[in-house]
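Descriptive analysis of the structure
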Amino acid sequence: MSTSTKPKVRVMSGNEACAEGALAAGIRFFGGYPITPSSEIAEVLCYRLPAIGGRFIQMEDEIGAMGSIIGASLAGAKSMTATSGPGFSLKQENIGYACMTEVPCVIVNVMRGGPSTGLPTMAAQGDVMQAKWGTHGDHPIITLTPNSVPETYELTVRAFNLSEKYRVPVILLLDEILGHTEEKFVIPESVEIVDRIKPSDPPETYLPYKHTESGVPPMASFGEGYRYHVTGLAHDETGFPTNNPAEIGKLAERLRRKLDDARDDIVDVQRVECDDAEVLVFAYGCTARSANQAVLEARSRGLKAGLLRPRTMWPFPDREIHALAQQVKQIIVPELADGQIAHEVEWAAKGACPVKGFGRIDGQPIRPVQILELIEEASR
Amino acid sequence: MAKKLVNYDSYLRLDKFPLIWCPGCGDGIVLKAILRAVDRMEIDKNDVCMVSGIGCSSRTPGYVDFNTLHTTHGRALAFATGVKMVRPDLHVVLVTGDGDATAIGGNHFIHAARRNIDITVLLYNNWIYGMTGGQASPATPSGDRASTAPFGSIEPNFDIAGLAAAAGASFVARETVAKPASMDKLIEKAMKNKGFSLVELFTPCPTTYGRRNKMANPVDMVEDLKRRSVTVAKAERLGSDLPEDAIVTGVIVEDDTRPEYTDRYAKLIQQLSGAVK
């Protein structure tokens, strides 16, 4: 590792860090549409991309933005879009298309209060289930949930890498607080970059949706001499539509298996004071910052509290939760949503301990003292 | 000079035949016209990207040996915009229908035209949603019947070529499957135009449109298209005497003065490279 250059220290917002992370990861195409509180991501990238030979376009709507990044990725560019709740809803059909056709791309959702137009300038975490199930039909998906400005940079890079590695759309869930909070941040001198696997077969024998051992088929870009077909219809290994139940089953099984098999590579949690914890808090994003503060405060008062923080939300860290559920008296799940993740945690705990949800959907953050009170109550 | 015969088979994915289209459908006539245009231009098949949405016409890419992308309903132009921006050197040809392009995809249609991005849109207009069973589209002529307009459509229909022209397309043309030779010439012109091009191609749907509108016989439908066709030049001469049901065919807009979008973007890149940290 080189230490010869001075580290770049900057103060920036989560949205800016997201754009910088995308650039570090090798983004070459951004298609977006203005929406609060995500617009700064587009505003950084429209300035930076052309200067490095990349492309930016402000599309006519959210649906078009999502379509454009899929087209760009098929043409060979690492691609991203950024939005917030209402736009995320609009993008869902094309997100499903990217799942079905296995096109790598990154979708950033800077969450705001909903439903509907809701609270454009206030934080929420109510899109976490939409990130998993927003598009129709069964489909595995990856969703990452950073909790700070530096981590937004880090996980944006990771979102691109996972997307390229597994040929899946990856959703990066930020929230209004994270998007607009400015923090000091040392920009890494270099980051690890993963590129999609290119075919080694000649065009004559290339199977664009080959059922490979890893489940991830090599991907040719349009215009490279591999003339293949891409469709959102159920397809066989050749990429052409099929109604054959055996072929449909093989496709569905591979789409599931490629992420199932990679589960431990994708799932990523941070544990704070968990070793001897008697009360566990499970929190992510901006709420995890309050939870972290509450746990440290509880410890200073002699209470054995711990924090389990998912940096990957989907696939869900169910085993990690289940392991700790055997050890603790209670799991507290604070979230800026009405029990969306508490319900998942309860499922993962499988009755090993009680799970207490604490939701807030009035646009305000959950304060550390509110979580501390719950820890104290559970410790009694 | 002997006319070179087009080897259609060399462009087709024959193992995907038979075609999904009904007997009497005009879409196959359009498909052959596209292949004649590509063949005449001597474009390498690797350099063509054919994108489509959802519907009968949008199944065209499945049968041709290019880079082919069958997208979501109405969104083909959004996907195509991404492809074209990343690979401006590719010939991006878009196949769509009246419902796909002007109802659910109407927004992308006018904005792609406004940007004058170099995409060739071949719009098969059969006045109906064929694949879903004959529902009314924005192109269904007012008064005509559809499965969702059993008493006759009470909506005015779009002039699709006029819409593209008004939105800023630099090449706009119209033709019908009754004149296949003229179709391929217009498609070739559209593909050669550096900018957004629309060729509106009228093609009969006897199955879901004709049968409901006293024209179940495909031959009659093609004869009807031929009878109604009036060239742009003749339409100008006729002026107000132009019959109400006339289909004005030929080149409607040809404007090579408008800057093309990916060209402008390339200039921006050139201007900025090295200039911004």
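Residues numbered from 1 in each chain as written. Chains lettered and ligands numbered in written order. Predicted model: local features only at pLDDT ≥ 70, side-chain atom pairs only at ≥ 80, totals over all residues. Heavy atoms only, no water.

**Focus: empty space enclosed by the protein**
Residues and elements named next belong to chain B. The full count for this structure, using the stated rule, is two cavities of 30 Å³ or more. In this structure, the largest cavity spans a volume of roughly 50 Å³. Around the largest cavity sit Gly74, Ala76, Leu77, Leu94, Thr96, Asp100, Ala101, Gly105 and Phe109, which together line it. Residues belonging to the lining of the largest cavity are distributed by class as follows: five nonpolar, three polar and one charged. Of the volumes computed, that of the second largest cavity is approximately 40 Å³. (1 Å grid on protein atoms, 1.4 Å probe; cavity = no way out; pocket = protein on both sides within 12 Å on 5 of 7 lines; lining within 4 Å. Points joined across faces, edges and corners; volume = space filled by probe spheres on them. Nonpolar A, V, L, I, M, F, W, Y, C, P; charged D, E, K, R; others polar.)

**Some details on the sheet that holds strand 13 (residues 305-310) of chain A**
All names here are of chain A. Spatially, the five strands line up as an open sheet ordered 11-13-12-15-16, and their pairing is mixed. The open sheet has two free edges, formed respectively by strand 11 (269-272) and strand 16 (355-359), since each of these has just one partner strand. Pairwise comparison of adjacent strand axes, ignoring direction, gives a mean angle of 20° for this sheet. Bridge analysis of strand 11 against strand 13 gives four bridges, and the strand direction is antiparallel. (Pairing = 2+ DSSP bridges. Helix = DSSP H or I, 4+ residues; strand = E, 2+ residues; numbered from the N terminus. Axes fitted to C-alpha atoms, helices over the stretch in contact; angles between N-to-C directions.)

**Things to note about the domain arrangement of chain A**
Residues and elements named next belong to chain A. In terms of domain boundaries, chain A breaks down into domain 1 (8-187) and domain 2 (268-379). Distance from the C-alpha centre of domain 1 to the C-alpha centre of domain 2: 26 Å. On the domain 2 side, the residues contacting the 28 residues of domain 1 number 24 residues. Broken down residue by residue, the surface that domain 1 buries against domain 2 is led by Gln125, Thr145 and Asn147, which jointly contribute 30%. Put simply, domain 1 and domain 2 have four salt bridges between them. Two residues, Arg311 and Glu154, come together in a salt bridge whose shortest N-O distance is 2.6 Å. The tally of links between domain 1 and domain 2 comes to 17 residue pairs in polar contact (both at pLDDT 80 or more). Those elements giving two or more residues to the side of domain 1 that touches domain 2 turn out to be strand 6 (119-123), helix 5 (128-133), strand 7 (142-144), helix 6 (149-166) and helix 7 (176-180). Along the lines of polarity and charge, the residues of the side of domain 1 that touches domain 2 split into 15 nonpolar, six polar and seven charged. (Domains from an automatic or database assignment. Contact = heavy atoms within 4.5 Å. Buried area = accessible area lost by both parts, 1.4 Å probe. Salt bridge = Lys/Arg side-chain N within 4 Å of Asp/Glu carboxyl O. Polar contact = N/O pair within 3.5 Å; in protein donor to acceptor, adjacent residues only side chain to side chain.)

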